[in-house]
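# An overview of the molecular structure
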Amino acid sequence: MGRVAIRKRYRPPWKRRQSKRTHPSTQTKCDDSECYSCDSSHSSSPPYTCYEKQDTGTESIDIEPYSYRKLSGEDIRILQLLPGRSGDMIQVQVQHVPLGTEREYTAVSYTWGSRLALRTILCEGKGIQVPLNLHRALTYIRHTSENTCLWVDAICINQKDEVEKSRQVRRMRTIFMKANKVKVGLGQDTRQSAENVFSAMETLVDEDFETAPPPEDLFWRDVERLFRKQWFCRLWCLQEVILAANAEVQWGAEIASWQAVAKTATWIRSCPVQLLRKSATQGANNGHLMYILGDDLKHNKLVSFLELLALSWQFRSSDRRDKVYGLLGIPTTDSDPGLGEVFVQPDYTKGDAEVYRRCASEIIQKTKSLRILLHVQGREDSIADDSEDGGQSSKHLPSWVPRWNRYIYPMLAPSEQVSSFNACAGLPSFPPRVENDALFAQGKKLSQIQRTCSCTRDFDLGERSQFVVSSVWRTYLAAASAYKSHKELLRAWCIVLTAGKDWCGELVQDTQQHLADMGAYIRTENSFYYADL
């Protein structure tokens, strides 16, 4: 254990994120069933261990299916997880209780996984099929001698009743906030890494990461297995842990505080040395965002619903409508779900295209601006396949509606926190309006483009980053007399082109570092890309 040494050679941020590391010389190949980033696992589907292959099918048990009783009024369902030992069939009992009742229970946050990988549990002597991931989570949570009181969406909500789902989604905020504990179920610990990782994380947080292992230490390979867990990229999990008053993480049989895991993710993200490979880095980044949003919420630092949609864009949901519905429980500057003012009313009888259009229309109506257009993809890049959830095809959406299931990366929309990025702020306002599928807006003619030029790379790539930036400016742009010095002009140009954000999407703090990143980026052939979520 020793301090992390900072490399002297400059590496731009995208190189730090995407560079591949070979496995340690003592390891001939990667046999980690959860590794999606290394060369040995580049396949259309993740590899499985022998245990996983035997544990992914639907059990064929001839048991009478459980029939849900209708919920009345403000009632929710609470589970009593009956005690049992390893190998015993999981058994639960369902109780209907008013949402406002003072009742201690643990809310479980987990990922559904494949809809085809199901297990049967007994509910009051009858069968309910639940996701395999939930079955495993309940196995780890179950006590051997006493009942455990839980709230679990897959069982406590009748998933076949779209009207009930819409009503219960409105209550998710209250359900998770009232839980005396939120249990984050990460699933199996196939490599027996959890005990070592959780113990080290708790220690590192207490010591302010002063004794973090060096980058080459095998400890970081174990940390990668943690942050590759799908929980770190699921949208519903984002809301669930943000709203939790008290959360803990369970990986296999081991438990750690959410604070320890989240603070480690935040430190990894800020570390000047790449510690994790690409797929795990994304999980750590998402863990950092979860932690920051939760901390801001506690201090009443809110963003708009549009900004929340943009911040959470990289998170995934199996139902495209949940890209909107999965955030409704989080307070924003333009909605207060605590007072019953959700941004849009969830309605699972509507298709994803209609949900996106209604959301965009509401954003325009509340913001009185066209800021939403910053998040709209190009038509040729945003045509998606028909929705798997039976909704309308998103290709039929109006051109002014963002396809929230299509992730733009990197995203350089100016942050709402930066008041200096407010073009035409002194001009009269012409609020836009929406009529049916048409967006109406007015504007003013400010100027006229005088010249254009093709983008050629005829500058010296061997120069230092600041000189590269300067060369590009002289080649393509006219001189500006508004700045006192050439250095101020270059700084302003870089800040404008990146909307005042660094590579991670944070507001620029170190201008010299930002100039270096800009110069390094100009040398590359990087381009934007889109991903289906």
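Whatever comes next refers back to the structure up there.
A brief look at the structure comes next. (Residues numbered from 1 in each chain as written. Predicted model: local features only at pLDDT ≥ 70, side-chain atom pairs only at ≥ 80, totals over all residues. Heavy atoms only, no water.)

For E124, which is not a glycine, the phi torsion comes out positive at approximately 55°. Along the chain, E124 falls in the loop between β4 (118-123) and β5 (126-131). At N436, a position not held by glycine, the phi torsion is positive, near 55°. Inspection of the secondary structure puts N436 in the loop between β11 (433-435) and β12 (438-440). You can call N436 exposed: its relative accessible area is 70%. (Helix = DSSP H or I, 4+ residues; strand = E, 2+ residues; numbered from the N terminus. Buried < 20%, exposed > 50% of the residue type's maximum accessible area, 1.4 Å probe, protein only.)

Okay, the pairing of strand β2 (residues 91-98) next. With 7 bridges connecting them, strand β1 (residues 75-81) and β2 associate as antiparallel partners. Considered in β2, the bridge of L79 is made with V94. Two elements, β2 and β4, share 2 bridges in a ladder whose sense is parallel. Looking at β4, one finds that V92 is bridged to C123. (Pairing = 2+ DSSP bridges.)

Moving on, we get to the nonpolar core. W151, L226, F227, W258, V261 and V324 are the most contacted members of the largest nonpolar core, which totals 108 residues. Setting aside its immediate chain neighbours within four residues, V324 contacts F305, L309, V344, V355, Y356, C359 and W404. (Core = buried A, V, L, I, M, F, W, Y, C linked by side-chain atoms within 4.5 Å. Contact = heavy atoms within 4.5 Å.)

The next thing to look at is helix α9 (residues 235-243). The buried count for α9 comes to 9 of 9 residues, which makes it a mostly enclosed element. Where α9 is concerned, the buried positions are L235, W236, C237, L238, Q239, E240, V241, I242 and L243.

This part takes up the sheet that holds β5. In space, the 9 strands of this open sheet follow the order β5-β4-β2-β1-β6-β3-β7-β8-β9, with mixed pairing throughout. At either margin of the open sheet sits one strand with a lone partner, and together these are β5 and β9 (254-257). With direction set aside, neighbouring strand axes in the sheet form an average angle of 40°. Across the face of the sheet, helix α7 (residues 194-206) comes into contact with β8 (247-251) and β9 while running at roughly 20° to β9. Sheet strands in contact with helix α10 (residues 258-270) are β8 and β9, and its direction is about 70° off that of β9. (Axes fitted to C-alpha atoms, helices over the stretch in contact; angles between N-to-C directions.)

Before going further, it helps to spend a moment on empty space enclosed by the protein. Applying the stated rule across the entire model yields 5 cavities of 30 Å³ or more. The calculated volume of the largest cavity comes to roughly 100 Å³. What lines the largest cavity is I242, L293, D296, L297, K301, L302, V303, L308, I330, P331 and T332. At 3 residues, helix α11 (residues 278-298) tops the list of elements feeding residues into the lining of the largest cavity. Its residues assigned to classes, the lining of the largest cavity shows 8 nonpolar, 1 polar and 2 charged. There is about 70 Å³ of room inside the second largest cavity. A class-by-class count of the residues in the lining of the second largest cavity yields 8 nonpolar, 2 polar and 2 charged. (1 Å grid on protein atoms, 1.4 Å probe; cavity = no way out; pocket = protein on both sides within 12 Å on 5 of 7 lines; lining within 4 Å. Points joined across faces, edges and corners; volume = space filled by probe spheres on them. Nonpolar A, V, L, I, M, F, W, Y, C, P; charged D, E, K, R; others polar.)

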